[in-house]
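Breakdown of the fold
Spelled out from the first residue to the last, the chains are:
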Amino acid sequence: AMPPLLEIVTRTFGKRPTLLAANQASLQALTSTDWTQTILMDEVGRGVPWANVRLGAHVPSGRYVWVLDDDDVCIRPTLVEELAEIATLNAPDCILLKMDHGPLGVLPDGKHWGYRTLERGHIGVSAFVVTKEIWCAFSDCWAERYDGDFDFIGKVVANKSVRLYWHDVIASRVQRISVGLPEAV
């Protein structure tokens, strides 16, 4: 059997069931079924730095990988079809998207869109999709700190041999900026 086009990896903390339920409901609205979701559960609450290291250790099953954490939702029901078309026509290693990061606005913003140099704090973890090969090749770049996602995608995008595609759509929205804390906080 062919692996799914898209594996959606969701980091979650066991004390955030409402956020996770909304995340999963948003994925059920996708109009294609060529995707799978992998849940990386943290029952203890070790925090984002630990979760970043766990992402780096994850071996994906999909041809492309998208991280959509439990405090984010997909707001683009046709995303999988769009990624399939981009993959067929352009075969990029990395597809950059935009995300609505609530009070931080849309990331990456206009000043940071379309360039091989990204700026820390101006891209979110659900603003990129990479091939399984790129995920594995750069897996050691997931740093054990809060913004370790930037360490990964910053190195991917800066690498001149990586084929980029800038898909100018807002694909996700933050439910709340939760920095790894339980829902009741």
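Quick summary incoming for the structure in this document. Everything numeric in this text was worked out from a predicted model, so none of it was measured.

**Considerations on the overall build of the chain**
Counting secondary structure elements, the chain contains five helices and eight strands. Traced from its N-terminal end to its C-terminal end, the chain shows the element sequence β-α-β-α-β-β-α-β-β-β-α-α-β. In terms of principal-axis extent, the alpha carbons of the chain reach across some 45 × 35 × 30 Å. Relative to its 185 residues, the chain shows a buried fraction of 50%. In the chain, the share of contacts with a sequence separation of at least 24, taken over all contacts with a separation of at least 6, comes to 79%. Only carbon and sulfur atoms are counted for the fraction: they give 55% of the accessible area of the chain, which is about 8400 Å². Of the side chains in the chain, 18 bear a positive and 23 a negative charge, and the two mean positions are spaced by 3 Å.

**Overview of the environment of E7**
If you trace the backbone, E7 turns up in strand β1 (residues 6-13). The exposure class assigned to E7 is buried, which follows from its relative accessible area of 1%. With near-sequence residues (within four places) excluded, E7 lies in contact with T36, T38, H58, P60, S61, G62, Y64, V65 and W66. At a separation of 2.8 Å, a polar atom in the side chain of E7 contacts the side chain of H58. A distance of 3.3 Å separates the side chain of E7 from the backbone nitrogen of G62, its partner in a polar contact.

**Thoughts on the nonpolar core**
Counting 27 residues, the largest nonpolar core has F128, F152 and I153 as the members making the most contacts within it. When contributions to this core are tallied by element, the ones reaching two or more residues are β3 (64-67), β5 (94-100), β7 (128-131), α4 (132-137) and α5 (148-158). The element best represented in this core is α5, accounting for five residues. In this structure, L30, W66, L68 and A87 belong to the second largest nonpolar core, which totals 20 residues.

**A short note on the pattern of salt bridges**
As enumerated under the stated definition, the model contains ten salt bridges in all. One salt bridge connects E82 with R76, and the closest N-O pair in it is separated by 2.9 Å. A residue is classified by how much of its surface remains accessible, and R76, at 27% relative accessible area, is partly exposed. In this structure, D151 engages R120 in a salt bridge whose closest nitrogen and oxygen atoms are separated by 3.1 Å. Taken as a pair, D151 in helix α5 and R120 in the loop between β6 (106-107) and β7 lie far apart in primary sequence, 31 residues in all.

**Thoughts on α5**
In terms of burial, α5 is a largely internal element, nine of the eleven residues being buried. Here α5 has its buried residues at G148, D149, F150, D151, F152, I153, G154, V156 and V157. Looking at the buried positions of α5, the neighbouring elements they touch are α2 (48-57), β5, β7, α4 and β8 (164-174).

**Looking at the environment of F138**
Tracing the backbone through its elements, the reader meets F138 in the loop between α4 and α5. The spacing of F138 and F152 is 14 residues in sequence and 6.7 Å in space, taken between C-alpha atoms. Setting aside residues no more than four positions away along its own chain, F138 makes contact with F152, K155, V156, N159 and V162.

Reading guide: rules and limits
Residues numbered from 1 in each chain as written. Predicted model: local features only at pLDDT ≥ 70, side-chain atom pairs only at ≥ 80, totals over all residues. Heavy atoms only, no water. Helix = DSSP H or I, 4+ residues; strand = E, 2+ residues; numbered from the N terminus. Buried < 20%, exposed > 50% of the residue type's maximum accessible area, 1.4 Å probe, protein only. Contact = heavy atoms within 4.5 Å. Areas by Shrake-Rupley, 256 points an atom, 1.4 Å probe, with all protein chains shown as cover. Lys, Arg positive; Asp, Glu negative; His and termini not counted. Charge placed at Lys NZ, Arg CZ, Asp CG, Glu CD. Polar contact = N/O pair within 3.5 Å; in protein donor to acceptor, adjacent residues only side chain to side chain. Core = buried A, V, L, I, M, F, W, Y, C linked by side-chain atoms within 4.5 Å. Salt bridge = Lys/Arg side-chain N within 4 Å of Asp/Glu carboxyl O.

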